[in-house]
2 protein chains.
Amino acid sequence: MSPAISTTETQRVAIDLGERSYDIHIGADLIGHAGTFAGLPTANTGVIVTNEVVAPLYLASLRAALSGRHARVLDVVLPDGESHKHWQTLQTIFDRLLEAGCDRKTVLYALGGGVVGDMTGFAAACYMRGVPFVQVPTTLLAQVDSSVGGKTGINHPLGKNMIGAFHQPLSVVCDLDALRSLPDREFSAGMAEIIKYGPIADMAFLGWIEDHIEALMARDPAHLAHAVRRSCEIKAQVVGADERESGLRAILNFGHTFGHAIEAGMGYGAWLHGEAVGCGMVMAARLSQALGLVDEAFVERLKRLVVRAGLPVVAPVLDPARNAERYLELMRVDKKAEAGEIRFVLIDPPGRASMRPASDAVVAGVIARSCQPA
Amino acid sequence: MSPAISTTETQRVAIDLGERSYDIHIGADLIGHAGTFAGLPTANTGVIVTNEVVAPLYLASLRAALSGRHARVLDVVLPDGESHKHWQTLQTIFDRLLEAGCDRKTVLYALGGGVVGDMTGFAAACYMRGVPFVQVPTTLLAQVDSSVGGKTGINHPLGKNMIGAFHQPLSVVCDLDALRSLPDREFSAGMAEIIKYGPIADMAFLGWIEDHIEALMARDPAHLAHAVRRSCEIKAQVVGADERESGLRAILNFGHTFGHAIEAGMGYGAWLHGEAVGCGMVMAARLSQALGLVDEAFVERLKRLVVRAGLPVVAPVLDPARNAERYLELMRVDKKAEAGEIRFVLIDPPGRASMRPASDAVVAGVIARSCQPA
């Protein structure tokens, strides 16, 4: 059953974090309208941070929407892609802010996908020890995951998102129209994070995704609106209970421990983050099965859905000579690891997740099985 | 009258910041004793960050004191000086942490002066989005100012401390014995920050410093203990009322607006931070006088004390052709500026500070007067 949602009506999901609370706005045609940003601070300067792919599509609209709010609206256009998510790119934001004499009331706007959001948020966290920022995610992945919850950061050659901050945005604006321009591969990558919310928190939602996967992949606005809203609701609930990832919040990383190893092992950018997470979820489900927490039917069900979302389910061989060792090595520097012990997000039972260690031998078996073509 | 303090007794000043509250410990012979760190978390790894000047003096002692708390104690030895307070040096800390597989429970220890403390604190704020750290300041300036209050950061070519975070330490350990090894010039630099607390908050303390300046400059332990404690008490009070510098806390920057212009204009490291603040306080006092907030006697009294503390009171000429313009230009990128308007910390009346703008013409007059030899 399709949810009774009109795409012309903007939905609102509240993130409850005390004085750092904010709303996620989900709807059509939001970027170009001044009303979308009503209630936010009217500082002298607003700075839109975006990338060279998104700028031609939405920069002019956002600039127009903000022209009444700020005496001047500047922009910084970054190169596109995860491979640029490092300090040197971040530095170009700081250079621009300082050259333009931006003060600590300046509002930054992150217009783009997860990479732009993470870097803009981290720049906002650090510039003059913290300025406000707004997330305007233009990819599905950013709308349902990375723009919500205040995690910001950059990669280090030795690990993904290793340098960063918790810095909550003032508002998140999810314009569903922006998803129309998304390449198929990136759309699928976003679907991985939507699917994720099922196994960890809401099996009914997983069933709904299965029932409507065709409509979702065809980017039907009403179905997308529901999927984005439900994803944000679940994320809001988890983040509201554990802002700084001292426990519960880590369940949002289901599939990410294996996924990060794939991304790092292949070189950032070779696999999209969502692709690595899609494959990583199947691996984490297999590990859950190996530990007796779920049955094979659950693993197959999840795998089938990941395939239908256009995502890879066969893990890459990272090192022909010592593949499992390479995976384990990369997973040991995961932020969730403690004293070298990898802590996996496992499904136990379907609809609920928990953090557990696992023996290297069992994990190696899962890796070997996952690297074989179906 | 000398205060009734035995230097063998450790003093404790509490910083009240809710769940981020912590204590400052002030006493003799603290670094080398395990008991100093009792009550702090016992993580698998502790990492001492220090510099090449401090390492030969105190690294072995601190390492010994921590050996019972952490399964392994690593160290990172940075180059010495303000000119290294930038991203590249920070990166060497991240490299070391990641190469050693440090997890997010790792505790960092900042062993050194303000530069080491600011960089270690910022590294702790960003590593895996935040790990705990302990301040072990070994300079007078760091003990009475920079180690307390959670301001961390690095410099940018276009401005001092422009990139940073508020990240409170778990504890601050002020070992008065460490002050014995301090070069005279650095000791004087620390005196600037001690003197600062008088005009902005406590004229009785200013009187006490005047009465005991010889004993202080001779580094008499009992007098130093009192000066450090009273400074920390005032700072604790201000920071407790305004952790993130939304208002009141800015008064701690008395002398710093002019001081930052001197540091940036001369090139970081040419003048010590405390030297620039010493001279900057006299300039800010002159500006207060020019605006009718204090009388000339107050300016002369402050200037006399700054001279007795071994600090410069004649401001440097930053640009022979357009000196005032250069000062104003540099002050406009100060973090306290708003929409290009410089906000000065002024004394009004002695013992109380407030933030105000001032016309360029009046400021230019103060700069011209301050650059003339007495």
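Residues numbered from 1 in each chain as written. Chains lettered and ligands numbered in written order. Predicted model: local features only at pLDDT ≥ 70, side-chain atom pairs only at ≥ 80, totals over all residues. Heavy atoms only, no water.

Q: Looking at this model, I keep getting lost on the interface of chain B and chain A. Mind explaining?
A: Residue-level contacts link 36 residues of chain B with 36 residues of chain A. Summing the contributions of chain B and of chain A, the shared interface buries around 3300 Å²; its carbon and sulfur component is 59%. Applying the counting rule to chain B against chain A returns four salt bridges. With a shortest N-O distance of 3.5 Å, Lys105(B) and Glu338(A) are connected by a salt bridge. The tally of links between chain B and chain A comes to 15 residue pairs in polar contact (both at pLDDT 80 or more). Mapped by element, the contributors of at least two residues to the side of chain B that touches chain A are helix H2 (87-99), helix H3 (114-126), strand E7 (151-156) and strand E8 (159-166) of chain B. (Contact = heavy atoms within 4.5 Å. Buried area = accessible area lost by both parts, 1.4 Å probe. Salt bridge = Lys/Arg side-chain N within 4 Å of Asp/Glu carboxyl O. Polar contact = N/O pair within 3.5 Å; in protein donor to acceptor, adjacent residues only side chain to side chain. Helix = DSSP H or I, 4+ residues; strand = E, 2+ residues; numbered from the N terminus.)

Q: Looking at this model, I keep getting lost on helix H5 (residues 184-201) of chain A. Mind explaining?
A: An α-helix turns once every 3.6 residues. As a result, residues three or four positions apart point the same way. Between its first and last C-alpha atoms H5(A) spans 27 Å; for 18 residues at 1.5 Å apiece the expected length is 26 Å, and the two agree. Where burial is concerned, most of H5(A) is hidden: 14 out of the 18 residues are buried. (Expected span 1.5 Å × (residues − 1). Buried < 20%, exposed > 50% of the residue type's maximum accessible area, 1.4 Å probe, protein only.)

Q: Whenever I open this one, the packing of aromatic side chains confuses me. Can you help?
A: By convention here, two paired aromatic rings are described through the distance between centres and the angle between planes. Throughout the structure, instances matching the rule amount to nine aromatic pairs over all chains. Connected via pairs of aromatic rings, a cluster forms that spans Trp87(A), Phe94(A), Trp87(B) and Phe94(B). Seen from the ring of Tyr197(A), Lys196(A) lies directly overhead, with NZ or CZ sitting 4.9 Å from the centre. Between Arg129(B) and the ring centre of Phe166(A), over which it is positioned, the NZ or CZ distance is 6.0 Å. (Phe/Tyr/Trp six-rings, centres within 6.5 Å; stacked < 30°, edge-to-face > 60°. Lys NZ or Arg CZ within 6 Å of the ring centre and 35° of its normal.)

Q: How should the environment of Pro79(B) be read in this particular structure?
A: Residue and element names in this part refer to chain B. Considering the arrangement of structural elements, one finds Pro79 in the loop between strand E4 (72-78) and H2. According to the relative accessible area criterion, Pro79 is partly exposed, its value standing at 30%. Between the C-alpha atom of Pro79 and that of Glu52, which follows or precedes it by 27 residues, the distance is 5.8 Å. Look past the residues within four positions of Pro79 in its chain and what remains in contact with it is Asn51, Glu52, His84 and Thr89.

Q: Looking at this model, I keep getting lost on the pairing of strand E2 (residues 22-27) of chain A. Mind explaining?
A: If a strand is regular, its side chains alternate between the two faces of the sheet. Residue and element names in this part refer to chain A. The buried fraction of E2 amounts to five of the six residues, a majority that puts the element mostly inside the structure. Inspection of the sheet shows strand E1 (residues 11-15) paired to E2 by five bridges, in the antiparallel sense. When the sheet's bridge partners are listed, Arg12 is paired in E2 with His25. Here E1 folds back onto E2 in antiparallel fashion, the turn holding six residues, of which Gly18 has a positive phi close to 60°. Pairing analysis gives four bridges linking E2 to strand E9 (residues 172-175), with the strands arranged parallel. By the bridge assignment, Gly27 is partnered in E9 with Asp175. (Pairing = 2+ DSSP bridges.)

Q: Just to check I follow, could you spell out the relation of the copies chain B and chain A for this structure?
A: Superposing chain B onto chain A takes a rotation of 180° plus a shift of 0.0 Å along the axis, which leaves an RMSD of 0.0 Å. Viewed as a symmetry operation, the transformation between the two copies matches a two-fold axis. Interface overlap between copies: 100% of the residues of chain B at the interface are likewise at the interface in chain A, consistent with a symmetric, same-surface contact. (Least-squares fit on C-alpha atoms with pLDDT ≥ 70 in both.)

Q: Where do I start with the domain arrangement of chain A in this structure?
A: The parts lose accessible area when they come together, and the size of an interface is often stated as this lost area. Residue and element names in this part refer to chain A. Here chain A is partitioned into domain 1 (11-181) and domain 2 (254-374). Averaged C-alpha coordinates put domain 1 and domain 2 at centres separated by 30 Å. With ten residues of domain 1 in contact, the opposing surface of domain 2 contributes nine residues. Across the domain 1 to domain 2 interface the summed buried area is about 790 Å²; carbon plus sulfur atoms make up 63%. (Domains from an automatic or database assignment.)

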